[in-house]
Amino acid sequence: MSETDTPPSSKVIRNDPWYGSYAARAEAMRASEIRALFAVASRPEVVSLAGGMPYLEYMPFKELSELIAKMMVEKGDVAWQYGSAQGDPHLREDVLQIMELEGITDAQPDDVVITNGSQNALDLITRIMCDPGDVVLSEAPNYVGALGAFQSFQVEVVNVMLDENGLIPESLEQTIVEQRKLGKKVKFLYTVPNFHNPAGVTLSVERRPRVLEIARKYHVLIVEDNPYGLLGFDGQTYPAMRSMDNQNVVYLSSFSKIIAPGMRIAWMVAPPGIRQKLVLANEASVLCPPNMSQFTIATYLDNFDWKKQINDYRGMYKKRCDTMDAALHEYLPYCSWNKPKGGFYIWLKIPEGLDSRAMLPRAVTAKVAYVAGTGFYNNGEGRDHMRLSFCYPTPDRIHEGIRRLASVIDAERET
Ligand code: PMP
């Protein structure tokens, strides 16, 4: 193992007396490159194009805090109490209206499980479906948090190809067939169909039924992870695969990108057998999602025009995406990227021969941060890409960040 492959956790703890005692699954855990960057990228002089933090300034915090205070007086004894492992029934009812926007009209509150963020959902679904050595198919570049969850269960993550129209159905079928030939158990396909993190692409509406057909043909579950679906810049939403099939899809969504990640509240919808196992797994893992956060989110949904709020966010993110796209055309015309139609990210391809990971310290010296493409693969690929987030910095900062980035890439090309 080379120095760069050494897990940061074992770099930090020297002479750990428990070295050698850890479970094999703990050995498989890796710190994400994004979290490792967090401290550097948060310095005020650095323009961070690295994190995927939503911009929360438009939230009606003052009015909300008054309503939360009222809620606490009225039902503080329940809000501060243990709750159901499946989640608060009222919130499970509330999320149905959100899913209707993406065509999911047949779900009932009993089909829903509330989780501590979708990260918890990814952990639970892997926990109930996978034994060590089982295969999970995942679009590459991969969502980093999903890779972390899968790897911690010693699952083999096998990449399926994406293009500008999202997951390629032929690549999915071919990969399933190949893995079966190798004697592998393919447990599920993990996909982020809308405004992919990090690739920015959206699975075309035409491909969705085809992906479902393949999943059904080979009896492979689809885990449809959809935290960005309502953040399409033109207001368009796409039919969820769960809206076309209620037996072969576990659907995940989250309040993190549309309301507040600090609440740590997300939800999943699953067919009955899987849902029952998920609730048991949730009970074993966290007992129950926090009532306080669930009630806070429900208070917000019940009292504010959340659709308008999401619309305002869409407009803001669109402007930031346009600014980044224009700055890339101005300063880095020799790079390539697909302009996303929603979400938070641009996946930038840098010129042949450059290495986004090696370049990062020089970018930080130039006071700009991004996430190197290697963080989104489990096999060392991705040096020719970087993920640029436009969600958090203001348009001025985005423009300045791309200018700084270009000075670094220009210098690299000359050496
Ligand atoms: N899935 C994807 C694709 C994401 O980008 C994120 C957040 N970065 C999550 C899941 C996790 O979100 P949370 O745990 O905050 O709900």
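Note that this is a predicted model, so its numbers are computed, not measured.

Novice: How should I be thinking about the overall build of the protein in this particular structure?
Specialist: For the protein, the count of helices and strands is 14 helices and 13 strands. In terms of overall size, the protein behaves like a compact globule, its C-alpha atoms giving a radius of gyration of 21 Å where 415 residues would be expected to give roughly 22 Å. With respect to the three principal axes, the spread of C-alpha positions in the protein is 65 × 55 × 55 Å. Counting every position in the protein, which comprises 415 residues, the buried fraction comes to 42%. Intrachain contacts of the protein at a sequence separation of at least 6 include 75% that bridge at least 24 residues.

Novice: What should I look at first to understand helix H14 (residues 395–414) in this one?
Specialist: Every α-helix winds through 3.6 residues per turn, so residues three or four apart in the chain are directed the same way. With 20 residues, H14 should reach 28 Å at 1.5 Å per residue; the first-to-last C-alpha distance of 29 Å fits that figure. Three or more residues of H14 are buried, namely Ile398, Gly401, Ile402, Arg404, Leu405, Ala406, Val408 and Ile409. In this structure, the buried side of H14 is in contact with strand E1 (47–48), helix H12 (306–331), helix H13 (356–365) and strand E11 (368–369).

Novice: Would you explain the confidence of the model for the protein in this entry?
Specialist: Close reading of the predicted structure is inappropriate where its pLDDT is low. Per-residue pLDDT for the protein averages 93, and the proportion of residues at 70 or more is 96%. In this model, residues 1–10 is a region of pLDDT below 50 whose contacts with residues beyond four sequence positions or in other chains number 7 contacts. This prediction of the complex comes with two scores: 0.94 for pTM and 0.99 for ipTM.

Novice: How should I be thinking about the sheet that holds strand E12 (residues 371–372) in this particular structure?
Specialist: Working definition: the strands of a sheet are paired by backbone hydrogen bonds and lie parallel or antiparallel to each other. If you trace the 3 strands from one edge of the open sheet to the other, you get E10-E13-E12, paired in antiparallel fashion. This sheet does not close on itself; its edge strands, each paired only once, are strand E10 (345–349) and E12. Of the pairings in the sheet, the one linking E10 to strand E13 (residues 385–389) comprises 5 bridges and is antiparallel in character. The residue bridging Trp347 from the neighbouring strand is Arg387, located in E13.

Novice: Can you walk me through the site of the ligand in this structure?
Specialist: The ligand sits among 14 residues. The nearest are Gly117, Ser118, Gln119, Ser254 and Ser256. Of the residues forming the shell around the ligand, the biggest block, 3 residues, is contributed by helix H6 (residues 117–129). In terms of residue class, the shell around the ligand is built from 5 nonpolar, 8 polar and 1 charged.

Novice: Looking at this structure, I do not really get unusual backbone geometry. What am I missing?
Specialist: Glycine aside, negative phi is the norm for most residues, and most peptide bonds take the trans geometry. Residue Pro141 is bonded to the preceding Ala140 through a cis peptide linkage, with omega at 0 degrees. Along the chain, Pro141 falls in the loop between strand E3 (135–140) and helix H7 (144–151). Here the residue pair Asn197 and Pro198 is connected by a cis peptide bond, since its omega of 10 degrees sits within 30 degrees of zero. Locating Pro198 in the fold gives a position in the loop between strand E6 (186–191) and helix H9 (207–218). For Leu287, which is not glycine, the phi torsion reads 70 degrees and is therefore positive. Here Leu287 lies in the loop between helix H10 (272–286) and helix H11 (291–303).

Definitions and limits used
- Residues numbered from 1 in each chain as written.
- Predicted model: local features only at pLDDT ≥ 70, side-chain atom pairs only at ≥ 80, totals over all residues.
- Helix = DSSP H or I, 4+ residues; strand = E, 2+ residues; numbered from the N terminus.
- Rg over C-alpha atoms; globule rule 2.2 N^0.38 Å.
- Buried ≥ 20, exposed ≤ 12 C-beta atoms within 10 Å, placed from the backbone.
- Contact = placed C-beta atoms within 7 Å.
- Expected span 1.5 Å × (residues − 1).
- pLDDT = per-residue confidence, 0-100.
- Pairing = 2+ DSSP bridges.
- Near = placed C-beta within 6 Å.
- Nonpolar A, V, L, I, M, F, W, Y, C, P; charged D, E, K, R; others polar.

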